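Read off the chains here:
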Amino acid sequence: MQTLARTPKQMGDALRRVRKLKGLSQAELGEKTNLWQETISKIESGSDATKIATLCTLLAALDLDLLIVPRSKGCAEDIADIFS
């Protein structure tokens, strides 16, 4: 599964989907990562104050990689279709 995330909100939504697919609650993910449940909630809600190290910790705990690629030049409608 690949997900395009260009905003903190989109990143949070993607992390929430994967967490739920893995059957983890925010509290369980917090225990696994040594993070507060509240921190995970804020990230999933799109907090733009998330530290990169915290994001990397969550990605690792969810068995995800962050891939940096050139931005596609699709139109806004194409991007919106990805998230519907």
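Above this note sits the structure.
Residues numbered from 1 in each chain as written. Predicted model: local features only at pLDDT ≥ 70, side-chain atom pairs only at ≥ 80, totals over all residues. Heavy atoms only, no water.

Re the overall build of the chain
Our working definition: To qualify as a helix, a DSSP run of H or I must reach at least 4 residues; to qualify as a strand, a run of E must reach at least 2; elements of each kind are numbered from the N terminus. Any two residues having at least one pair of non-hydrogen atoms within 4.5 Å are treated as being in contact.
On a plain count of helices and strands, the chain comes out with five helices and zero strands. Counting only contacts in the chain whose residues sit at least 6 apart along the sequence, the fraction spanning at least 24 positions is 61%.

Quick word on the nonpolar core
Note the threshold: For the purposes of this section, nonpolar cores are sets of buried Ala, Val, Leu, Ile, Met, Phe, Trp, Tyr and Cys residues that join through side-chain atoms within 4.5 Å. Relative accessibility decides the category of a residue: with a 1.4 Å probe and only protein chains considered, values under 20% of the type maximum give buried, values over 50% give exposed, and everything between is partly exposed.
Membership of the largest hydrophobic core is limited to twelve residues, which are Met-11, Leu-15, Val-18, Leu-24, Leu-29, Ile-40, Ile-43, Leu-55, Leu-58, Leu-59, Ala-61 and Leu-62. Among the secondary structure elements, those contributing two or more residues to this core are helix 1 (8-21), helix 3 (37-44) and helix 4 (52-61). The greatest single-element share of this core, amounting to four residues, is contributed by helix 4. Look past the residues within four positions of Leu-55 in its chain and what remains in contact with it is Met-11, Leu-15 and Thr-50.

A word on unusual backbone geometry
Positioned with a positive phi, Asn-34 is a non-glycine residue whose angle comes to about 65 degrees. You can call Asn-34 exposed: its relative accessible area is 73%. Residue Asp-63 is not a glycine yet carries a positive backbone phi of 55 degrees. With respect to the element layout, Asp-63 can be found in the loop between helix 4 and helix 5 (76-82).

Side note on helix 3
In plain terms, the rule: Directions are taken from the helix axis to each C-beta atom, and the arc is the one they span.
When we look at burial in helix 3, the residues that qualify are Ile-40, Ile-43 and Glu-44. Viewed end-on, helix 3 has its buried residues packed into an arc of 95 degrees, placing them on one side of the element. As for helix 3, its buried residues are in contact with helix 1, helix 2 (26-33) and helix 4. Looking one or two residues beyond helix 3, the residue adopting positive phi is Gly-46, at roughly 100 degrees.

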